[in-house]
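Examination of the molecular architecture
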Amino acid sequence: MFGFSASVAAGFLLGAIYDVLRIWRDFFHSQKRAVFFQDFFYMVFCAFFSFLLALPLGGGAVRIYLLAGEAVGWFVYYFTVGQVTAYLFRAISGFLYRCFFDPVGRLLKRVSGWFGKKVKIAVNLLKKKGRDWKKRLKQRAGIVYNRRNGLRRSRQKRKVVQRNEGTRKSKTKKKFSA
C-alpha cells in the first residue's frame, strides 16, 4: 500500500511539473516546435523519475501498480488543482498582457518606426552625398586611355625625309612628345 500511495504522490508531482510547462507555453506563446521539444523532454524526465521511483519501491522491477499510481496521481492533479491554476494564470496573464505588455509593445513599435524613418533619411542623405562626391572627382578613364595609346605610338620611330640643299638626310622624330 505504501508503494501505491508513493506513486500517486509522484504522479501528483509530475502533474505539477507539467502545469509549469503549460503556464510557460501560455505566457510565452510557444510555437509547435518548442511545444514538441518541451513535451519530449518532459516525457524523458517522467521516464527517468519513474525509474528512480521503481528502484526503492519495486526492488528495481517496474510494477504495474506503480505506473497506475503515477497515472492516477497525474490525472487527479490535472483535473483538480491543474484546472484552477490554469484558470488563475490565464486571468493573470491576460491582465498583464492588457495592462503592461501590449502598451509597451505599441510604444516600442512607434519608437522603432520613428527611429527607422530617421535612419532611412540619413541613409538616403549619405547616398546622395556619396554620389555628389563622385561627381567632383576628375574622370581619368578617358585621359589614361589616350595617354597609353600615345605612349605606344611614341615608341615607334618614324623616318622623315627632309630636303636640304638637294641632299637627302634621314632623321628620326617622335610623333608625340611625352
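This part is about the overall build of the protein chain. When helices and strands are tallied, the protein chain shows 5 helices and 2 strands. Element order for the protein chain, N to C, with α for helix and β for strand: α-α-α-α-α-β-β. A total of 178 residues make up the protein chain; the buried ones form 19% of that total. Within the protein chain, counting contacts between residues at least 6 apart in sequence, those at least 24 apart form 62% of the total. For the protein chain, the exposed surface amounts to about 15,000 Å²; the carbon and sulfur share of it is 65%.

The next point concerns the side chain of Ser7. The residue Ser7 is located in helix α1 (residues 2-28) in this model. Aside from chain neighbours lying at most four places away, what touches Ser7 is Leu53, Tyr65, Leu66, Gly69 and Glu70.

Conventions adopted
Each chain carries its own residue numbering, running from 1 in the written order of its sequence. Only residues with pLDDT of 70 or above have their local features reported here, since the model is predicted, and side-chain atom pairs are shown and tallied only from 80 upward, although totals for entire chains, interfaces and linings are computed over all residues. Just so you know, side-chain values use all the structure's heavy atoms and leave hydrogens and water out. Secondary structure elements follow DSSP: runs of H or I of four or more residues count as helices, runs of E of two or more count as strands, with numbering from the N terminus. Burial classes: relative accessible area under 20% of the type maximum marks a residue as buried, over 50% as exposed, and values in between as partly exposed (1.4 Å probe, protein chains only). In what follows, residue pairs with any heavy atoms lying within 4.5 Å of each other are defined as contacts. Methods summary: accessible areas were calculated by the Shrake-Rupley approach with a probe of 1.4 Å, and residue burial reflects only the protein chains presented.

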